[in-house]
Amino acid sequence: QVQLVESGGGLVQAGGSLRLSCAASGRTFSSYAMGWFRQAPGKEREFVARIRSGGSTYYADSVKGRFTISRDNAKNTVYLQMNSLKPEDTAVYYCAATKVAATNPYEYDYWGQGTQVTVSS
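Only a predicted model underlies this, so the values are computations on that prediction, with no experimental measurement involved. (Residues numbered from 1 in each chain as written. Predicted model: local features only at pLDDT ≥ 70, side-chain atom pairs only at ≥ 80, totals over all residues. Heavy atoms only, no water.)

S.K.: Pulling in residues and values, what's your account of the overall build of the protein?
M.R.: Counting its regular elements, the protein contains 0 helices and 11 strands. When the helices and strands of the protein are read in sequence order from the N terminus, they spell out β-β-β-β-β-β-β-β-β-β-β. Radius of gyration (C-alpha) of the protein: 13 Å, near the 14 Å computed for a compact globule of 121 residues. Along the first, second and third principal axes, the C-alpha atoms of the protein reach 40 × 25 × 25 Å. Burial statistics for the protein: of 121 residues in total, 44% are counted as buried. Here the analysis covers contacts within the protein between residues at least 6 apart in sequence; of these, 58% occur between residues at least 24 apart. Carbon and sulfur atoms make up 45% of the accessible area of the protein, which amounts to about 6200 Å² in all. The positive charge centre, built from 13 side chains, and the negative charge centre, built from 9, are 6 Å apart in the protein. (Helix = DSSP H or I, 4+ residues; strand = E, 2+ residues; numbered from the N terminus. Rg over C-alpha atoms; globule rule 2.2 N^0.38 Å. Buried < 20%, exposed > 50% of the residue type's maximum accessible area, 1.4 Å probe, protein only. Contact = heavy atoms within 4.5 Å. Areas by Shrake-Rupley, 256 points an atom, 1.4 Å probe, with all protein chains shown as cover. Lys, Arg positive; Asp, Glu negative; His and termini not counted. Charge placed at Lys NZ, Arg CZ, Asp CG, Glu CD.)

In structure tokens, the structure reads:
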């Protein structure tokens, strides 16, 4: 069982930055691939980025070059550094854990409660 708690969301102006954190419980965090997803009002949940247990990363085209996912296995935490934010990045951001590194949210077994990110123009 893995429990996930996100933090770091907030209101930021376009062009600004935010760093999201996702703290995980459990001793097996390092064995999971971790992903970040987001969901805007009226839209489906969409993949943002993921990081394998070994550290390799993969990004959605919409955030490539602006967002960076990282993890600290000693702290059981995964991060999402978001730079050059745009109003279209506004959404609730969720972290999730999976044994199978994927971009499909249905492949993820555990989810956090989400944190709101709002980017004003």
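There's plenty left to go through after this.
S.K.: Kindly report on the sheet that holds strand β8 (residues 77-82), identifying the contributing residues and their values.
M.R.: As a general point, the strands of a sheet are linked pairwise by backbone hydrogen bonds and lie either parallel or antiparallel. Spatial ordering of the open sheet is given by β1-β3-β8-β7, a layout of 4 strands whose pairing is antiparallel. Unpaired on one side and paired on the other, β1 (4-7) and β7 (67-72) mark the two borders of the sheet. Between one strand axis and the next, the sheet turns by 15° as a mean value, whatever way the strands run. With 6 bridges connecting them, strand β3 (residues 18-24) and β8 associate as antiparallel partners. Within the sheet, the bridge partner assigned to L20 lies in β8 and is L80. (Pairing = 2+ DSSP bridges. Axes fitted to C-alpha atoms, helices over the stretch in contact; angles between N-to-C directions.)

S.K.: Requested: an account of the state of the cysteines, with residues and values cited.
M.R.: Taken as a whole and judged by the stated rule, the model has 1 disulfide. A disulfide bridge connects C22 with C95, and the sulfur atoms are separated by 1.9 Å. The sign of the 50° torsion about the S-S bond sets the C22-C95 disulfide as right-handed. One end of the pair, C22, is in strand β3; the other, C95, is in strand β9 (residues 91-98), with 73 residues separating them in the sequence. Here the two residues C22 and C95 agree in accessibility, since each one is buried. (Disulfide = S-S within 2.5 Å.)

S.K.: So, the side chain of R38: which residues are in play, and what are the values?
M.R.: Summarising the element assignment, R38 is placed in strand β4 (residues 33-39). For R38, the side chain forms a polar contact with the side chain of E46, separated by 2.6 Å. A polar contact of 2.9 Å, which involves the side chain of R38, links it to the side chain of Y93. (Polar contact = N/O pair within 3.5 Å; in protein donor to acceptor, adjacent residues only side chain to side chain.)

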